[in-house]
Amino acid sequence: MEKDLVKRKRIVISGIVLFLCVAVLAVVLWLVDARRTARLDILVAPSMAAVKIEGSVYEDGEHRFEPGIVSAEVLAVGFTAQTFEIELRAGETASLYTYLVPADGSMQWYAENPEEDLLLSAVGDAIAERDAAKLAEKYPISTVLPIVVVEVDPESYDWTEYRIDCGSFKGCKSEFCVKITDTTGGNKEKALTKIREAGFDPADYQVLYEHTPIEAL
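Here goes a summary of the coordinates provided. (Residues numbered from 1 in each chain as written. Predicted model: local features only at pLDDT ≥ 70, side-chain atom pairs only at ≥ 80, totals over all residues. Heavy atoms only, no water.)

1. Section: the state of the cysteines
Part 1 of the argument: This structure, assessed with the given rule, holds one disulfide.
Part 2 of the argument: Here Cys172 pairs with Cys177 through a disulfide, and the sulfurs are 1.7 Å apart. With the S-S bond torsion at 100 degrees, the cross-link from Cys172 to Cys177 turns out right-handed. Across this residue pair, the class does not change: Cys172 and Cys177 are buried. (Disulfide = S-S within 2.5 Å. Buried < 20%, exposed > 50% of the residue type's maximum accessible area, 1.4 Å probe, protein only.)

Laid out in structure tokens, this is it:
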């Protein structure tokens, strides 16, 4: 009888200890996870590429990390590896979008592998969307450009054509300019008016003007 009681006590104590261990582990894991307030979205090509961050391997998709600067390496057999330093901020989502170049320097491998070529295109689209979002945040005028104007007077048949773009161009003194490309000439003021009508002041930007008439055949 006493042996059975002692055995039951041991079982109960073991159960309590096991429960406490599991509870402590759960709390530790919760605390670790709670600190992972930064996110990193990963998309790389080719599909067999490995993404190593601080010693761990990650697949494509969104992952959570503790805020800070991490080192990332993207590598695949037969391709030139790449390394990155990525700043991860609390409450924000950073991105790691990249593609590896075959060791021979030719991109033909992607063209010869349709699925990999689609993945390469997806990476390119993701990079373009990310850069466009950053540009829009820093330079809101980029959300309404380009503006292309082609007009023909129905009475005189006079033709007007010009376009307004933004970005970095030859002659630009900073990383961002507004450029007016005038095909028919004499449309600079009209273009500036278009910018004002879109809700932006041309005086806030370096505006480049270029008259590029179409040469007669």
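2. Concerning the sheet that holds strand 11 (residues 207–211)
Part 1 of the argument: Here we have four strands laid out as an open sheet, ordered 8-9-10-11, and mixed in their pairing. Each edge of the open sheet carries a strand with a single partner, namely strand 8 (147–152) and strand 11. Put simply, the sheet's adjacent strands are angled 15 degrees from each other on average, direction ignored.
Part 2 of the argument: Direction of pairing for strand 9 (residues 159–167) relative to strand 10 (residues 177–182): antiparallel, over a ladder of six bridges. By the bridge assignment for strand 10, Cys166 is matched with Val178.
Part 3 of the argument: On the sheet, helix 4 (residues 188–197) packs against strand 8, strand 9, strand 10 and strand 11 and is oriented at approximately 55 degrees with respect to strand 9. (Pairing = 2+ DSSP bridges. Helix = DSSP H or I, 4+ residues; strand = E, 2+ residues; numbered from the N terminus. Axes fitted to C-alpha atoms, helices over the stretch in contact; angles between N-to-C directions. Contact = heavy atoms within 4.5 Å.)

3. Regarding the sheet that holds strand 7 (residues 93–99)
Two orientations exist for strands paired in a sheet by backbone hydrogen bonds: parallel and antiparallel.
Part 1 of the argument: Taken together, the three strands give an open sheet; going across it, the order is 4-1-7, and neighbouring strands pair in mixed fashion. Each edge of the open sheet carries a strand with a single partner, namely strand 4 (61–65) and strand 7. The average angle at which neighbouring strand axes cross in this sheet is 25 degrees, direction not considered.
Part 2 of the argument: Pairing analysis gives seven bridges linking strand 1 (residues 38–45) to strand 7, with the strands arranged parallel. Counterpart to Ile42 in the pairing with strand 7 is Leu96.
Part 3 of the argument: Contacting strand 1 and strand 7, helix 3 (residues 114–138) runs over the sheet at an angle of about 140 degrees to strand 1.

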